Amino acid sequence: MQGWKVRFRSFPVDLSDGQIQMGQNILDNEIPVPLHHKGAFELRLKAMWQGQIVVSFKGSGAELELLGEPEYVEEFRP
């Protein structure tokens, strides 16, 4: 894997504030559920409290499987 060097100052690392690109479609800070995508896919997540470090995952598809029962996390008011 080329370019695979990420150095975090401390652990654990909170990854948040990111972007998903599926083909030409770009989603900021959201993950579609259900997610079954075939084709170019990239997930970019910024490491909180670690400056501008970004972790990127690329692939030729993505699938999200939810486990367990849903539970309340927080209020969201767009």
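Residues numbered from 1 in each chain as written. Predicted model: local features only at pLDDT ≥ 70, side-chain atom pairs only at ≥ 80, totals over all residues. Heavy atoms only, no water.

**Concerning the sheet that holds strand S4 (residues 54-64)**
Cut-off, in case you're wondering: In short, DSSP must find at least two bridges between two strands for them to pair. Only DSSP runs of H or I with at least four residues qualify as helices, and only runs of E with at least two residues qualify as strands; both kinds are numbered from the N terminus onward. Axis definition: a line fitted to C-alpha atoms, limited for helices to the stretch in contact. Angles are taken between N-to-C directions and run from 0 to 180 degrees.
Spatially, the four strands line up as an open sheet ordered S2-S1-S3-S4, and their pairing is antiparallel. On the outer flanks of this sheet lie strand S2 (25-28) and S4, each paired with one strand and no other. Strand-to-strand twist of the sheet, defined as the mean angle between neighbouring strand axes without regard to direction, takes the value 20°. One ladder, built from 10 bridges, connects strand S3 (residues 35-47) with S4; its direction is antiparallel. Bridging from a neighbouring strand, leucine 43 pairs with phenylalanine 57 of S4.

**Some points on the pattern of salt bridges**
Condition: Salt bridges are counted wherever a side-chain nitrogen of Lys or Arg sits within 4 Å of a carboxyl oxygen of Asp or Glu. Accessible area is worked out with a 1.4 Å probe on protein chains only. A residue is then buried under 20% of its type maximum, exposed over 50%, and partly exposed in between.
Applying the stated criterion across every chain yields a total of two salt bridges. Note that aspartate 17 is salt-bridged to lysine 46, the shortest N-O span being 3.8 Å. Residue aspartate 17 is found in strand S1 (residues 15-22), and its partner lysine 46 is found in strand S3; the two are separated by 29 residues along the sequence. A relative accessible area of 46% means that aspartate 17 is categorised as partly exposed.

**Quick notes on the environment of isoleucine 20**
Within the secondary structure layout, isoleucine 20 lies in strand S1. Of the residues examined, isoleucine 20 reaches a relative accessible area of 3% and is grouped as buried. The spatial distance from the C-alpha of isoleucine 20 to the C-alpha of leucine 43 is 4.6 Å, given a sequence separation of 23 residues.

**With respect to the nonpolar core**
Rule in force here: For our purposes a nonpolar core is just a set of buried Ala, Val, Leu, Ile, Met, Phe, Trp, Tyr and Cys residues, chained together by side-chain atoms within 4.5 Å.
Counting six residues, the largest nonpolar core is built from Ile20, Met22, Leu27, Leu35, Phe41 and Ala62. Contributing elements (two or more residues each) for this core: S1 and S3.

**A look at a nonpolar patch on the surface**
To keep things clear, this is the line we draw: Exposure above 30% relative accessible area and no salt bridge define the residues that can form patches, which grow by joining like charges within 9 Å and nonpolar side chains of Val, Leu, Ile, Met, Phe, Trp and Tyr within 5 Å. Using a 1.4 Å probe, accessible areas were evaluated by the Shrake-Rupley method; residue-level cover was limited to the displayed protein chains.
A contiguous nonpolar patch, built from Ile31, Val33, Leu64 and Leu66 and spanning about 370 Å² of accessible area, is present on the exposed surface. Relative to the helices and strands, leucine 64 resides in strand S4.

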